[in-house]
Amino acid sequence: MDNIYVIRERIEAVYGKHSKSFNKAFQFILAMITFTMINQNTGFMKSLSSPVISLGLAVVATFLPPAVLVVLATILLLAHTLAASIGIFAVSALIFLIMYIFYIRLAPKMAFVVLLTPIAFALKIPFVLPVACALIYTPVSLVPMGCGTVVYYMMEYLKKISAASKTSGSKAMLAEISTYVQKVFQNKEMWLYIVAFIIGFFIIYTIRRQELDHAWKIGIIAGAIANVVVTAMGSIALGVNTSYGPLIIGNIVAAVAGLVLELFLFSVDYARSERLQFEDDEYYYYVKAIPKVAMTTPEKTVKKINERQKTEIIDAEAVKRLSQDTAEEETKAIDLEVHAGHGQKREAERKPSYGDADYRSPAQIRASQVRKHSPKRGPAPKKHDMKDVDKMLLTQSLENEFHAGNRRKR
């Protein structure tokens, strides 16, 4: 389970860095699918049914707000209905006007719900929408969900009209309007799905707001079961032909989608939940605190164990010249000591005849005065680096070889 949370943290981090790019890519894909589905289901106006038109409209809609995408999709659908029949165009325009009044009034920021509902119906997983909206939004989201459902069944009817018009021709305007309204608004399957959406939504929304442990999981499972039961019972009562296989599979997919949303939106640790109590002058407060699950993504660190060090190349000729210079300095120092010894002997010969214990030379008097006034210092610590020690040892070995060679020559 910890690996799942780590993957979630990484996905959230990547999305946080490139959120604008991901949002625009999702909007482009959604617009492309919407325009393509409209052109394939209706396609009355051949000049607008080209994939190039769908691509161009999708590119334009990508850089506009999501509400503009809904408007472009509506205009494209009305253009196809106008090419089919003026009566169908008038009824469709009136239906869209009524839906826009409720949509703009109640849910102006839920354009994606309107667009995703027909796509979910086309993919045979319509119950993903009520489960997701119950976990994310409020009951107001039922309005755009219902509008999207009506639009899907409008396109389904227009698709049948398109297939029939190729063989039977056009009918009278009044007959077309009455048939269109009857087929769309008296469709039992459409109203059955709308009722199932409402019941499943409120079950999930009510349970996930409770203080129960694992309330989201319980609500998702209960809502999926309610969708299956309501749809099955409604299809039997209304005589609607419903395939139970796609119904069950679609609700399983909806439940899995709900669990994924819970992982990203409401991931808590119920094992560490606490109940707290507070009070003031007027009320007692009973609070249940549940900590969120937060995982830190592990960072890989590379540790260098055997790091190759640079070797220093020593010039042998330079070491020999250094040893020769050192030998010359030592010879000069010995000569100076010899001359100093002769000077001390001459000074000893010139000193007076009284005892040696009482006599002090001027140099000794100055040295004694310096020792009185100067502070005592300890021996200075010698610090050697390992490279200096290696050079010193190599220098000494070369000096020994040099002196040994000189002795052999003598």
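A brief structural summary.

Cut-offs applied
Residues numbered from 1 in each chain as written. Predicted model: local features only at pLDDT ≥ 70, side-chain atom pairs only at ≥ 80, totals over all residues. Heavy atoms only, no water. Salt bridge = Lys/Arg side-chain N within 4 Å of Asp/Glu carboxyl O. Helix = DSSP H or I, 4+ residues; strand = E, 2+ residues; numbered from the N terminus. Buried < 20%, exposed > 50% of the residue type's maximum accessible area, 1.4 Å probe, protein only. 1 Å grid on protein atoms, 1.4 Å probe; cavity = no way out; pocket = protein on both sides within 12 Å on 5 of 7 lines; lining within 4 Å. Points joined across faces, edges and corners; volume = space filled by probe spheres on them. Nonpolar A, V, L, I, M, F, W, Y, C, P; charged D, E, K, R; others polar. Pairing = 2+ DSSP bridges.

This paragraph deals with the pattern of salt bridges. Counted according to the given criterion, the structure contains four salt bridges. For the salt bridge of D213 with K288, the shortest nitrogen-to-oxygen distance reads 2.8 Å. Taken together, the residues D213 in the loop between α10 (188-208) and α11 (215-238) and K288 in strand β2 (residues 284-289) connect sequence positions 75 residues apart. Overall, the relative accessible area of 22% leaves K288 in the partly exposed class. Measuring nitrogen to oxygen at the nearest pair gives 3.0 Å for the salt bridge that ties D269 to R272. Under the relative-accessibility criterion, D269 is labelled partly exposed at 25%.

What follows deals with empty space enclosed by the protein. Inspection of the entire model under this criterion finds one cavity of 30 Å³ or more. Counted as a void, the largest cavity has a volume near 250 Å³. For the largest cavity, the lining is made up of 19 residues, of which V70, T74, F96, V114 and V151 are closest to its centre. Contributing elements (two or more residues each) for the lining of the largest cavity: α2 (19-41), α4 (66-84), α5 (86-106), α6 (111-122) and α8 (142-168). Considered class by class, the residues forming the lining of the largest cavity number 16 nonpolar, three polar and no charged.

Another aspect to go through is the pairing of β2. Bridge analysis of strand β1 (residues 274-279) against β2 gives six bridges, and the strand direction is antiparallel. From the neighbouring strand, E279 faces β2, where its bridge partner is Y284. Between the end of β1 and the start of β2, which pair antiparallel, lie four residues.

Before going further, it helps to examine the layout of surface pockets. In this structure, the largest pocket spans a volume of roughly 870 Å³. Every residue lining the largest pocket is counted, 23 residues in all, and those nearest its centre are Y15, F26, L116, I136 and L261. Contributing elements (two or more residues each) for the lining of the largest pocket: α1 (2-17), α2, α6, α7 (128-136) and α12 (244-265). With five residues, the top contributor of residues to the lining of the largest pocket is α7. Split into classes, the residues belonging to the lining of the largest pocket amount to 19 nonpolar, two polar and two charged. Empty space within the second largest pocket amounts to approximately 620 Å³. Together, 23 residues line the second largest pocket, and K124, Y152, Y153, E189 and Y193 are the ones closest to its centre. Elements represented by at least two residues in the lining of the second largest pocket include exactly α8, α9 (173-185), α10 and α12. Ranked by residues supplied to the lining of the second largest pocket, first place goes to α8 with five residues.

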